[in-house]
Amino acid sequence: PSLKHIRNFSIIAHIDHGKSTLADRIIQLCEGLSVRELKEQVLDTMDIERERGITIKAQSVTLDYHADDGNTYQLNFIDTPGHVDFSYEVSRSLYACEGALLVVDAGQGVEAQSVANCYTAIEQGLEVLPVLNKMDLPQADPDKVSQEIEEIIGLDATDACQVSAKSGMGMEALLERLVRDIPPPKGDPEAPLQALIIDSWFDNYLGVVSLVRLFDGTLKKGEKIRLKSTGRDWEAGAIGIFTPKRKETGVLRAGEVGFIVAGIKDIMGAPVGDTIVHTKTADKVERLPGFLKVKPQVYAGMFPISSDDFEDFRDALQKLALNDASLDYEPENSDALGFGFRVGFLGTLHMEIIQERLEREYGLDLLTTAPTVIYEVRMDNGDVLPVSNPSKLPDMANVDELREPICRATILVPQEYVGNVITECVSRRGVQLDMQFLGSQIQLIYELPMAEVVMDFFDRLKSISKGYASLDYSFDRFEAAKLVRLDVLINGDRVDALASIIHRDHAHGRGRLLVEKMKDLIPRQMFDVAIQAAVGGQVVARSTVKALRKNVTAKCYGGDVSRKKKLLEKQKAGKKRMKQVGRVEIPQDAFLAVLKLN
Ligand code: GTP
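- Looking up the protein in an unreviewed UniProt entry gives the name Elongation factor 4, with the organism given as Cobetia crustatorum.
- Quoted verbatim from the Subcellular location (unreviewed entry) field of UniProt, the annotation for the protein is "Cell membrane".
- The UniProt entry for the protein carries the following comment under Catalytic activity (unreviewed entry): "GTP + H2O = GDP + phosphate + H(+)".

### Section: the UniProt feature "binding site: GTP" (unreviewed entry) in the protein
- The UniProt feature table records "binding site: GTP" (unreviewed entry) at Asp16, His17, Gly18, Lys19, Ser20, Thr21, Asn133, Lys134, Met135 and Asp136.
- On the secondary structure map, serine 20 appears in helix H1 (residues 19-29).
- Among the structural elements, lysine 134 can be located in the loop between strand E5 (127-133) and helix H5 (142-153).
- Lysine 134 sits in the partly exposed class, given a relative accessible area of 22%.
- Once you skip the residues sitting within four places of it in the chain, lysine 134 turns out to touch Asp16, His17, Gly18, Asp105, Ala140, Val163 and Ser164.
- At 3.4 Å, the side chain of lysine 134 forms a polar contact with the side chain of aspartate 105.

### Let's talk about the sheet that holds strand E16 (residues 275-278)
- Ordered in space as E11-E10-E16-E7-E8-E15-E12-E13, the 8 strands form an open sheet in which the pairing is antiparallel. Here the strands that pair on one side only, and so sit at the sheet edges, are strand E11 (233-235) and strand E13 (246-248). Averaged over neighbouring strand pairs, the angle between their axes works out to 40° when direction is ignored.
- Looking at chain direction, strand E12 (residues 239-242) and E13 are connected through 3 bridges and run antiparallel. Along E13, the bridge assignment pairs isoleucine 241 with lysine 247.

### A word on the packing of aromatic side chains
- In the structure shown here, the tally under the stated rule is 10 aromatic pairs.
- Both rings, one in phenylalanine 310 and one in phenylalanine 339, keep their centres 6.3 Å apart while their planes meet at 65°; by these two values the pair is edge-to-face. In this pair, phenylalanine 310 is assigned in helix H7 (residues 310-322) and phenylalanine 339 in strand E19 (residues 338-345), connecting sequence segments 29 residues apart.
- Using a relative accessible area of 15% as the deciding quantity, one classes phenylalanine 310 as buried.
- Exposure remark for phenylalanine 339: the relative accessible area of 55% places this residue in the exposed category.

### Structural notes on helix H4 (residues 112-123)
- If you check H4, its first and last C-alpha atoms are 17 Å apart, about what 12 residues at 1.5 Å a residue would give, namely 16 Å.
- Turning to H4, its buried residues number three or more, namely Ala112, Gln113, Ser114, Val115, Ala116, Asn117, Cys118 and Ala121.
- Glycine 125 sits one or two positions beyond H4 and adopts a positive phi of about 80°.

### Side note on the packing of helix H9 (residues 418-427) against helix H11 (residues 457-464)
- Packing of H9 against H11 leaves a shortest axis separation of 9 Å and a crossing angle of 155°. Comparing the axis directions of H9 and H11 gives the class roughly antiparallel. Considering how the two elements wind past one another, H9 and H11 form a crossing that is right-handed. Here H9 contributes Asn420, Val421, Glu424 and Cys425 to the contact with H11, which in turn contributes Phe457, Arg460, Leu461 and Ile464.
- Across the contact of H9 with H11, the residue classes break down as 5 nonpolar, 1 polar and 2 charged.

### Some details on the pattern of salt bridges
- Summed over all chains, the structure comprises 28 salt bridges.
- One salt bridge in this structure joins aspartate 400 and arginine 378, with 2.6 Å as the shortest N-O distance. In this pair, aspartate 400 sits in strand E24 (residues 399-414) while arginine 378 sits in strand E22 (residues 375-379), placing the two residues 22 residues apart along the sequence.
- Assessed through its relative accessible area of 30%, arginine 378 is described here as partly exposed.
- Taken together, the salt bridges that share partners define one network made up of Glu404, Arg429, Glu452 and Arg510.

Conventions and cut-offs
- Residues numbered from 1 in each chain as written.
- Predicted model: local features only at pLDDT ≥ 70, side-chain atom pairs only at ≥ 80, totals over all residues.
- Heavy atoms only, no water.
- UniProt positions renumbered as here; feature names shortened; annotations may be inferred.
- Helix = DSSP H or I, 4+ residues; strand = E, 2+ residues; numbered from the N terminus.
- Buried < 20%, exposed > 50% of the residue type's maximum accessible area, 1.4 Å probe, protein only.
- Contact = heavy atoms within 4.5 Å.
- Polar contact = N/O pair within 3.5 Å; in protein donor to acceptor, adjacent residues only side chain to side chain.
- Pairing = 2+ DSSP bridges.
- Axes fitted to C-alpha atoms, helices over the stretch in contact; angles between N-to-C directions.
- Phe/Tyr/Trp six-rings, centres within 6.5 Å; stacked < 30°, edge-to-face > 60°.
- Expected span 1.5 Å × (residues − 1).
- Parallel < 35°, antiparallel > 145°, perpendicular 65-115°, else oblique.
- Left-handed = near helix turned anticlockwise from the far one by under 90°.
- Nonpolar A, V, L, I, M, F, W, Y, C, P; charged D, E, K, R; others polar.
- Salt bridge = Lys/Arg side-chain N within 4 Å of Asp/Glu carboxyl O.

See below:
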């Protein structure tokens, strides 16, 4: 198609507002797949995504739309994830688009994360079309939600599209609006090739597959191409689009989005954000700015249960890091857990997903330590060291100051839950910066220690607001705080992988909760197990797991049969993820106990 008949767009939506359903409906209207095939939500290809119902990696679909004006338009839809942990990938997908649909559940209203992503789209110069979804539901209130979009985001929503992605209502009008209001891409198919890698992943049969957006030029199968970052030349093998199935077309032109396979086997050979050019015109073409490298916010140790898996683990991390620039890792050696990696993530959901992918896709059995944010340590001699591992905190005698990361959080919540949210923020050492009525919601802006936010804050917010509160946050600065390392000793030995950094005022309270929690999580052994929490060598709390008697179910008083069964099943399931520390077997849950103290 000519440029004026191409539309590249993305969908910005909060989780559950109906992005996948809407995308499926668009695909169906363009006859990308039959209705039967659509039973499977086609865009979420990874098993984990389907189970968790969230979209993790950006994907693309190219569709043909026959519009009322008699023209056939090529619609390139670039999918984006909706969770706060993945906003970095959103900006990456938006880079390839001229427009975005802002999908808002007409019964729920605007959510903080969509606001942030919408601002990113507007900043990148995209045309944003508001879409009110779930209009079939009785609680849909389009006037209220339109007003919210105007007040919170500042986008004119008076004639926003009203649709039901589920029933199909309003969908054709939406597609007409899309081709009318979203501008076509700019670019020159005759100019020297300039293409941006939006995503790259490793396929066991094809090698590295890259999703690209062509800004200029035309790329054909068999042509010699060069990657700007490495300077290496390759031959363009398979070239094509996703419909959503992979379809070879042999050619891509300026303005289009599609895939390239160039026989690259080395997983670092086609990094995300790199520029692809023709070898013959390589010197005439600039490298595109690429993407901002995002910094991980939380770090955790990951250790193979069997030390034989260490090399496989390294290999798997390398492959995952290819299309996930936010994943950071370096080898770590723990006294208690042996050889593993210290891995950096965008948030705890990102961490869970990576752990699951490592286990399912790479067959690894891993033990993960409690995640921690990065602290800054200023030494007496003026040096400033980043610390992402509590057990590596230098000797406090030489430390001048410990600093923790502070973030700025925006929370949107209906008025009736504001009290709960404020109480929660205060208990997490939050400082209120602003509070405003916006539409039918209240916007709170807080400064909070990052450590308090990344752990379970989002889940807590949801549960104290019946699911209505939404959250967006970003790193602001490091600030000095009264922090201490809380050590855990098992039968008198300090276990490095159980240490955490916490605020001094919380040390006693959390220490006590922690040993109690761990007492319940560590299975009884043939001998007593003493669990102690200590700060700077001083024990602040202790408890004991009593030695096992003959009958494991003895703990279940009252003879509740189903409870006994549950306990036995739990013990069986827990067996796999155990690590022998000294003489004591410690299960995975105990390493994460520090997360569950609130
Ligand atoms: P993530 O992929 O997790 O980001 O979620 P999503 O935004 O893609 O939401 P999804 O399409 O999975 O829809 C969430 C829920 O809303 C599902 O149960 C859908 O069936 C339902 N849903 C989506 N669109 C509509 C609609 O127009 N009307 C009604 N009644 N329900 C809808």
